[in-house]
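Take a look at the letters that make up each chain.
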Amino acid sequence: MSLFNVCSWWSTQCGTATQYDVASLLCARFGLDTQEKDYIVVGSQTGQLSVYYPHGKAFEATDLLLELQLAEPILGLYAGKFSGNARNENANQLAVLQPNAIAIYNLQAVAGLADYGTQLKLQLLVEHKFARVAFALCQGHFGQVKGREFFCVVHLDGTLTFYEQDGICYECSFPGQRALPAPVVYCERTDSFLRFNASWHLQCFSYQDLSHSLVSRSSSYQPSWSQCLGEGILDMRVVQLKENCSYIMILGERNYICLDDNGKFNFLLKLDYAPKCFYSFVVGYYWEPGARLLTAIVSDSAKLHIYEQANLIWAAQWQQPAPVAIQRSNVHGLAGSLVTLSANGQLTVGYLGAQPFQFQVKPLNIEELSFAEAHKQLQQLEEEIKESVDIRDMDALNKQAAEQVRLSFSIQKEVFDDLDTLLLDVPADVAVKELPSAKGLLRIKIKAELAELQVVFNMPSGVRCSQETLSLVNVPAGSSQELELDFYIAELLHAHSTRVEVFASFVSPRGIPRVLQQSAYLPLSMFYRSCQPQKAAGIKLTYTITSKHVPPKLSTFFAEFVDAESETHAMGLQLLCPGLEKLNEIITVVAAKNSNRLRIQSDCVETFGMILERIVETTLQLDSAASLLNMQKRKPKRGVLNRCVERIIAAPFIPSQPILHRVDVHHETQLNIRSQTAQLEELWQQFKTLQRQLQEQSESEPKETLTMQIEANYDQLIIEGDKLVEIRRDERRQNCDLNCAISLAKWIIHGLNLEERVVNVVSSVLSIPVEDWTELCWEESMAPGIDMLHHFGPLMRSKSTSQHGLLDGDSSRESFEYSRFRRHFSTLFDRIVRLASSTTDEQSSKQPSTANEATAAPTEQPTDEIGNLQRMLAEPGARAGATKLSSSLEAVVDDEEEYDEEDLRDTGYRKDYGATASTTKREPAPKSGMHNQWINEDFELPTTEELFSDLGIWW
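Residues numbered from 1 in each chain as written. Predicted model: local features only at pLDDT ≥ 70, side-chain atom pairs only at ≥ 80, totals over all residues. Heavy atoms only, no water.

**Examining unusual backbone geometry**
A cis geometry characterises the amide bond from Ile-768 onward to Pro-769, with omega recorded as 5°. Within the element layout of this structure, Pro-769 appears in the loop between helix H9 (756-765) and helix H10 (778-791). At Ala-302, a position not held by glycine, the phi torsion is positive, near 65°. For Ala-302, the location among the structural elements is in the loop between strand S23 (292-299) and strand S24 (303-308). Notably, Asn-474 is not glycine yet its phi reads approximately 55°, a positive angle. Structurally, Asn-474 is set in strand S33 (residues 469-475). For Asn-474, a relative accessible area of 61% gives the class exposed. (Helix = DSSP H or I, 4+ residues; strand = E, 2+ residues; numbered from the N terminus. Buried < 20%, exposed > 50% of the residue type's maximum accessible area, 1.4 Å probe, protein only.)

What follows is the structure, encoded as structure tokens:
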């Protein structure tokens with residue numbers, strides 16, 4: 001708090017109105033007495049007009065000379081010689097600006113009887129009606145006419161209406177862009193108007209150009225000068241400090257600016273506070289050499305700052321709340337006082353004083369202390385502190401939040417075809433296909449009183465909800481909400497998941513923000529329909545169900561398409577969306593007849609995501625429901641294998657080429673977008689240059705050539721803009737395709753027989769959904785994570801013998817190289833498959849030979865089964881749901897690539913950061929005990945702890 005305060009000398013409350021702003025205060029003299037001082041006129045936005053004339057240090061009833069209620073709001077109060085019909089030429093009139101009219105009054109004094117004092121009476125001289133809504137008023141000796149004062153009204157649409165004393169009025173508008181309502185001031189020395197336009201430029205127009213624009217009907221004149229201020233302004237005034245120069249004082253949102261009347265900056269002072277209002281005045285006369293320019297600025301924290309030019313000379317504290325209007329006045333007994341008006345109508349006349357704030361200690365509360373009540377309050381405070389500060393037990397806090405707001409979210413397994421496409425605003429290309437929809441139900445039960453509750457739904461790409469957000473305000477305790485939802489396909493895009501998440505965010509009664517999350521899965525019948533299974537496909541995946549609680553049947557995972565009592569072993573599903581007529585995207589799922597394996601095969605990468613999600617999530621859900629150990633409750637440890645393989649395990653195969661093809665297409669589209677954007681920017685710069693040349697030409701010069709160039713440039717802009725819109729649409733589709741490809745890789749890695757920390761790290765690096773930004777595409781954001789896995793991660797396979805060399809090499813690469821990123825991406829998948837294959841081979845080699853002989857018997861009979869499967873799939877009348885159709889996983893020929901195991905065995909690891917043993921083929925192995933001794937003589941893969949022990953990396 002400041003040591004100095006603004007001392008209150010006289011104050012009062014202006015009526016009961018609470019709507020006041022910077023234009024609601026006026027301090028002026030009206031020539032009613034030879035020895036008179038300033039009158040204080042206040043007008044509210046509710047139409048209440050009050051005139052005060054302070055006589056002493058305290059407010060008296062005789063200080064209020066006039067109080068009148070007008071029919072319309074008061075937008076501004078102004079004093080000047082506005083009418084030539086006044087009897088006293090030296091007297092000022094009062095102009096009251098209203099939305100649709102301006103009224104000019106003459107103040108007349110009425111002597112009071114006894115001790116009642118003098119009163120005022122308003123005499124209406126003239127009233128002007130407006131065709132447009134008014135905003136502000138500007139007054140001055142327009143045209144440098146002596147003895148007469150004109151005024152103009154600024155309307156909300158930016159036009160000006162000029163009024164002269166002999167009844168002449170005309171309208172004009174500023175050239176250029178559409179004007180916004182902003183203060184307009186008049187500079188008498190240069191006979192010009194100053195206007196702040198919509199592009200934050202201060203422009204100066206001469207009075208002759210504005211007045212002649214009505215006669216010539218031309219708005220092609222240019223401003224005398226223009227300066228960019230770079231921010232919005234709060235208020236603007238013109239003061240004359242020198243005989244040959246006037247100053248334009250501007251209060252910006254964060255700056256205090258001063259310019260001369262030629263547009264030259266005198267100073268610009270950055271304020272470290274948010275200003276509310278200001279008033280600039282000159283102490284002395286402008287023709288005197290000792291004249292001083294002072295400015296009073298009030299901040300939003302009710303502090304008054306006095307500046308002499310750009311130097312702060314005084315600072316004082318004002319009473320709360322901060323005033324919205326301030327002026328300098330000369331009242332009885334106090335010359336140079338500061339008059340302020342607050343937003344609630346508190347009118348104060350004050351002066352700068354040096355009275356420090358005296359701190360007074362409050363008297364002690366000597367009430368009798370109740371120990372029982374104090375103990376109860378202390379326990380309550382301790383509970384509040386624990387709930388708001390202690391975050392060590394997050395499970396307890398989350399459980400408490402779940403008790404305060406209970407969510408129940410479910411989606412029906414059935415699909416519906418009676419979707420109202422017009423009501424839900426479904427596009428025509430989607431509505432024609434008549435795609436099925438699903439219904440959901442959200443129940444919310446609130447047990448604690450909440451100020452606000454917001455519910456948001458997160459859905460797959462192309463899927464929308466009938467109500468995507470829900471906001472509840474001032475929710476009482478014990479209330480409940482039940483919301484019926486419709487989920488439907490609104491865009492023909494590939495979806496990588498059927499999961500729908502609902503997030504409920506709220507602030508607990510203790511002030512702690514909480515977020516609750518629940519999820520449900522859309523039925524697969526929204527996206528697929530049954531069809532004939534395919535006997536061959538380009539991509540084939542194998543899953544083995546290792547849990548004893550999950551029967552490996554098709555009805556277990558796909559109840560929408562296969563009955564529980566059906567013995568079908570093969571099923572074909574055709575993707576409905578995007579559902580191109582020339583391309584049928586079909587996926588085939590085959591269940592083994594004599595084992596617990598599943599084969600999923602298709603030619604399209606986009607069909608795998610939702611199917612693999614259903615298989616894995618259903619397996620984990622059924623296994624967890626059998627009272628087994630919950631995967632989320634156990635913390636991962638070093639050396640622990642992926643716990644998912646206890647329930648389901650995937651064959652070590654990742655279709656890297658189709659995935660990389662989607663990445664290539666996506667990266668090429670990003671390059672096209674950047675190229676198209678650069679071309680549009682170049683055309684836009686040419687368009688602005690041609691427009692500027694057209695404005696700078698005079699009326700006599702021919703303009704046909706420039707006009708034709710502008711039209712041609714504009715047409716080219718439209719064409720290139722349409723191309724960019726089309727590329728953006730392709731980008732949207734390719735993002736969804738890439739989501740499906742990355743989702744396929746993540747679901748495969750999720751079920752590989754690897755160390756759990758490896759699976760978690762790789763899954764966290766492969767982020768979905770794909771997001772592109774203006775300066776950074778998805779590939780560039782993924783490159784650091786892929787490089788980390790390539791050089792320093794658990795899948796590192798580098799032939800360099802120096803770790804520092806790797807670090808130095810990576811730090812020198814500042815630009816993104818897509819070829820390098822693609823090579824590392826491909827190598828990552830290859831290393832994952834090799835590592836998973838070697839782990840599976842090691843586990844199978846440890847099993848007894850008798851077990852291998854016992855399991856070899858069922859594999860001797862795939863010849864007949866594959867013949868039967870091919871014959872049945874070739875029949876035109878065969879159906880996926882036919883009970884006669886039987887097959888086994890062994891019948892499907894495995895065309896997967898066989899990797900060279902010798903290449904894997906040649907890979908050795910060093911103790912220092914995993915260098916390989918490729919050099920051992922040419923050099924003899926070092927003796928034991930020497931530096932960098934080989935520890936992989938038995939061709940065993942190192943553990944993650946050995947790889948990361950020296951690096952200090954923990955996963």
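**Some thoughts on the packing of helix H6 (residues 608-625) against helix H8 (residues 704-750)**
Contact pair H6 / H8: the axes reach a minimum separation of 9 Å and the direction vectors enclose 30°. The angle between the axes of H6 and H8 places the two elements in the roughly parallel class. Seen from above, H6 lies across H8 with left-handed handedness. Residues Phe-608, Gly-609, Leu-612, Glu-613, Val-616, Glu-617 and Leu-620 of H6 pack against Ser-743, Leu-744, Trp-747, Ile-748 and His-750 of H8. Looking at side-chain class alone, the contact of H6 with H8 contains seven nonpolar, three polar and two charged residues. (Axes fitted to C-alpha atoms, helices over the stretch in contact; angles between N-to-C directions. Parallel < 35°, antiparallel > 145°, perpendicular 65-115°, else oblique. Left-handed = near helix turned anticlockwise from the far one by under 90°. Contact = heavy atoms within 4.5 Å. Nonpolar A, V, L, I, M, F, W, Y, C, P; charged D, E, K, R; others polar.)

**Re the pairing of strand S15 (residues 192-196)**
Counting buried positions along S15 gives five out of five residues, so the element sits mostly inside the fold. Going residue by residue along S15, you find Ser-192, Leu-194 and Phe-196 tucked away on one face and Phe-193 and Arg-195 tucked away on the opposite face as well. Count of turn residues in the strand S14 (residues 184-187)/S15 antiparallel hairpin: four residues, of which Asp-191 carries a positive phi of about 50°. Where S15 and strand S16 (residues 201-206) come together, five bridges link them in antiparallel fashion. Considered in S16, the bridge of Phe-193 is made with Phe-205. (Pairing = 2+ DSSP bridges.)

**A look at the pattern of salt bridges**
Across all of its chains, the model carries 24 salt bridges by this definition. Linking Arg-29 and Asp-38 is a salt bridge whose minimum nitrogen-to-oxygen distance equals 2.9 Å. The partly exposed category is assigned to Arg-29, whose relative accessible area is 35%. A salt bridge links Arg-647 to Glu-646, with the shortest nitrogen-to-oxygen separation between them at 3.4 Å. Because the salt bridges share partners, they merge into one network encompassing Arg-132, Asp-157 and Glu-171. (Salt bridge = Lys/Arg side-chain N within 4 Å of Asp/Glu carboxyl O.)

**What to know about the packing of helix H7 (residues 656-696) against H8**
A pair of packed helices is captured by two measures, namely the crossing angle of their axes and the spacing between those axes. The N-to-C vectors of H7 and H8 enclose an angle of 160°; their axes lie 8 Å apart at closest approach. As summarised for this structure, H7 and H8 are arranged roughly antiparallel, according to the angle between their axes. Between H7 and H8 lies a crossing whose hand is left-handed.

**What to know about the packing of aromatic side chains**
Applying the stated criterion to the full structure yields 30 aromatic pairs. With a centroid separation of 5.7 Å and 20° between ring planes, the pair formed by Trp-684 and Phe-687 is classed as stacked. Of the two residues, Trp-684 and Phe-687 are both situated in helix H7; the distance of three residues between them amounts to about one turn of the helix. The exposure class assigned to Trp-684 is partly exposed, which follows from its relative accessible area of 38%. Judged by centre distance (6.2 Å) and plane angle (40°), the ring pair of Phe-687 and Tyr-714 falls under tilted. Here Phe-687 is found in helix H7, whereas its partner Tyr-714 is found in helix H8, with 27 residues between them in sequence. Judged by relative accessible area, Phe-687 falls into the buried class, the value being 9%. The partly exposed category is assigned to Tyr-714, whose relative accessible area is 46%. (Phe/Tyr/Trp six-rings, centres within 6.5 Å; stacked < 30°, edge-to-face > 60°.)

**Examining the confidence of the model for the protein chain**
Per-residue pLDDT for the protein chain averages 78, and the proportion of residues at 70 or more is 78%. Low confidence marks residues 798-813, where pLDDT is under 50. Its contacts with residues over four positions away, or in another chain, come to 21 contacts. (pLDDT = per-residue confidence, 0-100.)

**Points about the sheet that holds S23**
Across the sheet, which stays open at both edges, the four strands sit in the order S22-S23-S24-S25 with antiparallel pairing between neighbours. Sheet topology places strand S22 (275-283) and strand S25 (311-317) at the edges, where each strand pairs with a single neighbour. Ignoring strand direction, the axes of neighbouring strands in this sheet form an average angle of 20°.

**Considering the side chain of Gln-327**
By the secondary structure assignment, Gln-327 is in strand S26 (residues 325-331). For Gln-327, a relative accessible area of 15% corresponds to the buried category. Every residue in contact with Gln-327, bar those within four places of it in the chain, is listed here: Leu-25, Leu-26, Cys-27, Tyr-279, Ser-337, Leu-338 and Val-339.

**With respect to the environment of Ala-79**
Mapped onto the fold, Ala-79 is located in strand S6 (residues 76-80). Once the C-alpha coordinates of Ala-79 and Ala-91 are considered, the two residues, 12 residues apart in sequence, prove to be 9.7 Å apart. Those residues within four positions of Ala-79 in sequence are excluded, and the remaining contacts are Leu-26, Ala-28, Phe-30, Gln-93 and Gln-139.

**Looking at the environment of Val-645**
Tracing the sequence through the fold places Val-645 in the loop between H6 and strand S42 (648-650). What makes Val-645 buried here is its relative accessible area of 16%. Remark: the alpha-carbon pair of Val-645 and Gly-751, spanning 106 residues in sequence, is separated by 6.0 Å.

**Details of the sheet that holds strand S39 (residues 570-575)**
Picture the strands of a sheet paired through backbone hydrogen bonds; they go either parallel or antiparallel. On the basis of which strands lie adjacent, the open sheet formed by six strands has the order S37-S39-S40-S41-S38-S42 and antiparallel pairing. Looking at which strands have only one partner, the edges of the open sheet turn out to be strand S37 (528-531) and S42. Averaged over all adjacent pairs, the angle separating strand axes in this sheet is 25°, with direction ignored. Bridge analysis of strand S40 (residues 586-591) against strand S41 (residues 597-602) gives five bridges, and the strand direction is antiparallel. Within the sheet, the bridge partner assigned to Val-589 lies in S41 and is Ile-600. Sheet strands touched by H6: S37, strand S38 (539-545), S39, S40, S41 and S42. Its angle to S41, the strand with the most contacts, is close to 165°.

**Quick word on a nonpolar patch on the surface**
A cluster of nonpolar side chains, namely Val-133, Phe-135 and Leu-156, defines an oily patch on the protein surface of about 230 Å² accessible area. Structurally, Val-133 can be placed in the loop between strand S9 (119-129) and strand S10 (134-140). By relative accessible area, Val-133 is classed as partly exposed at 38%. (Patch = residues over 30% accessible without salt bridge, like charges linked within 9 Å, V, L, I, M, F, W, Y side chains within 5 Å. Areas by Shrake-Rupley, 256 points an atom, 1.4 Å probe, with all protein chains shown as cover.)

**Description of the nonpolar core**
In globular proteins that are soluble, nonpolar side chains generally tend to be buried together. Phe-409, Phe-527, Tyr-528, Phe-558, Ile-600, Ile-611 and Phe-825 are the most contacted members of the largest nonpolar core, which totals 108 residues. Setting aside residues up to four positions removed in sequence, Tyr-528 forms contacts with Phe-561, Leu-573, Gln-574, Leu-575, Leu-576, Ile-587, Thr-607, Met-610 and Ile-611. Of all hydrophobic cores here, the second largest spans 21 residues; its members include Leu-26, Leu-66, Leu-70 and Leu-122. (Core = buried A, V, L, I, M, F, W, Y, C linked by side-chain atoms within 4.5 Å.)

**Structural notes on the pairing of strand S21 (residues 265-270)**
For strand S20 (residues 255-260) and S21, the ladder comprises five bridges, and the chain directions are antiparallel. Bridge pairing in S21 links Cys-258 to Phe-267. The turn joining S20 and S21, which pair antiparallel and follow one another in sequence, is formed by four residues; a positive phi near 90° is taken by Gly-263.

**As for the environment of Val-184**
Of note, Val-184 is situated in strand S14. Remark: the alpha-carbon pair of Val-184 and Phe-196, spanning 12 residues in sequence, is separated by 7.3 Å. In this structure Val-184 touches Cys-138, Val-154, Phe-193 and Leu-194, once residues within four positions along its chain are discounted.

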